[in-house]
Amino acid sequence: MLNKPELYRHANSLQRLATQILLNGYSTKLNWRDDGQDSWLDVGCGSGDTTIDYILPILPKNFQRLVGADVSKKMIEYNRATHVYPKISFELINLGIDLTQQPLWQEETFDHISSFFCFMYIRDQQMAVNDLYKLLKPGGDILVAFPSSATVFAVYKKQATEKKWGDIYSDLETVVPCPCQDLLDPAKYFEDITKKSGFKDISVRVEDIKYTFNGYKALKNFLKSVNPFVDRLPAEKQEEYLDDLIIDYVNGKFTKDDFREDKKKLRHTEHYKFLVAYARK
């Protein structure tokens, strides 16, 4: 669970760019209502900036409502205080537990459901896709995208086996399960669970994405903003942990001396696999 809304909002350039490109590409493919009264649920909205900056502008002017949802209470509280607009709300949701027991539950409520950079944190992805199906109106569509494989997940697994930081990763598979990380064909896996949920017109692909971090601070803030383990350490140990995390993340490309000498010139390009799924009910 990510609980640093301000940090996340200012360190999520990678997520913003990928979401913007994705929505630009799919905005004409979505099954828009003839009357323009579309409703949209954005699952895993985080700090809410992509919901407001990229989803809101593509909605019809007379849209019915836009709901940002997240498992983090801190994120929702932040969004409710920061993003105050007519017909827009932010609600708690947890796709890992029974949806019918949650405040947001109402069957066949939304015309469109999106989820960006969220599903890698969900262990039971079949249950999650089933829940999206239940929340969707007949004829509605979903757009789900997340890293199916990324360096940071591999780094967590590596450090979990090591003495220095291993203790903070005791529940790694629960907190960051990443079910697709080691699959040979994640697109086929996700297509199968989407089909099993009842969806049709399914399209799933995996893209190779790259993003360049300009400077030590940008990379450090990104890794800290998406890291659910760092706060388990005493404050005096967190900087050392983050430096070690960066060294493993760049596979030894930098050293701690590099961090001290010229942080602004450090550049690192991250390559990751990005799974994109579209389907209709």
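Computed from a prediction, not measured in an experiment: that's the story for all the values here. (Residues numbered from 1 in each chain as written. Predicted model: local features only at pLDDT ≥ 70, side-chain atom pairs only at ≥ 80, totals over all residues. Heavy atoms only, no water.)

Q: How would you sum up the overall build of the protein chain? Please name residues and give values.
A: Per the secondary structure count, the protein chain includes eleven helices and seven strands. For 281 residues, the compact-globule estimate of 2.2 N^0.38 gives 19 Å, and the C-alpha radius of gyration of the protein chain, at 19 Å, lies within 12% of that figure. For the protein chain, the C-alpha atoms occupy an extent of roughly 60 × 40 × 35 Å along the three principal directions. Each of the 281 residues in the protein chain was classed as buried or not, and the buried ones make up 52%. A fraction of 77% describes how many contacts in the protein chain between residues 6 or more apart in sequence connect residues 24 or more apart. (Helix = DSSP H or I, 4+ residues; strand = E, 2+ residues; numbered from the N terminus. Rg over C-alpha atoms; globule rule 2.2 N^0.38 Å. Buried < 20%, exposed > 50% of the residue type's maximum accessible area, 1.4 Å probe, protein only. Contact = heavy atoms within 4.5 Å.)

Q: Give me the lowdown on the sheet that holds strand β3 (residues 88–92), citing residues and values where you can.
A: Taken in spatial order, the seven strands line up as β3-β2-β1-β4-β5-β7-β6 in an open sheet, and their pairing is mixed. Either end of the sheet is taken by a strand with one partner, and the two such strands are β3 and β6 (200–214). The sheet shows a mean angle of 15 degrees between the axes of neighbouring strands, direction not considered. Bridge count for β6 against strand β7 (residues 267–280) is 13 bridges, and the pairing is antiparallel. Note that in β7 the partner of Phe213 across the bridge is His268. Sheet strands touched by helix α5 (residues 125–135): β1 (39–43), β4 (110–116) and β5 (136–149). Its angle to β5, the strand with the most contacts, is close to 150 degrees. (Pairing = 2+ DSSP bridges. Axes fitted to C-alpha atoms, helices over the stretch in contact; angles between N-to-C directions.)

Q: Quick rundown of the pattern of salt bridges? Include the residues and the values.
A: Applying the stated criterion to the full structure yields 19 salt bridges. Note that Glu240 is salt-bridged to Lys164, the shortest N-O span being 2.8 Å. Within this pair, whereas Glu240 is found in helix α10 (residues 235–249), its partner Lys164 is found in the loop between α6 (151–160) and α7 (172–175), the two being separated by 76 residues in sequence. Given the relative accessible area of 29%, Glu240 is considered partly exposed. With a shortest N-O distance of 2.2 Å, Lys220 and Glu239 are connected by a salt bridge. A residue pair is termed long-range when its members are at least 10 positions apart, and Lys220 in helix α9 (residues 216–225) and Glu239 in helix α10 qualify at 19 residues. Its relative accessible area of 39% is what places Glu239 among the partly exposed residues. Residues joined in a network through salt bridges with shared partners are Arg33, Asp35, Asp111 and Lys137. (Salt bridge = Lys/Arg side-chain N within 4 Å of Asp/Glu carboxyl O.)

Q: Residues and numbers for unusual backbone geometry, please.
A: A positive phi angle, close to 65 degrees, is found at Lys87, a residue other than glycine. Relative to the elements of secondary structure, Lys87 occurs in the loop between α4 (73–82) and β3. Not every positive phi belongs to a glycine, and Asp201 is a case in point at roughly 50 degrees.

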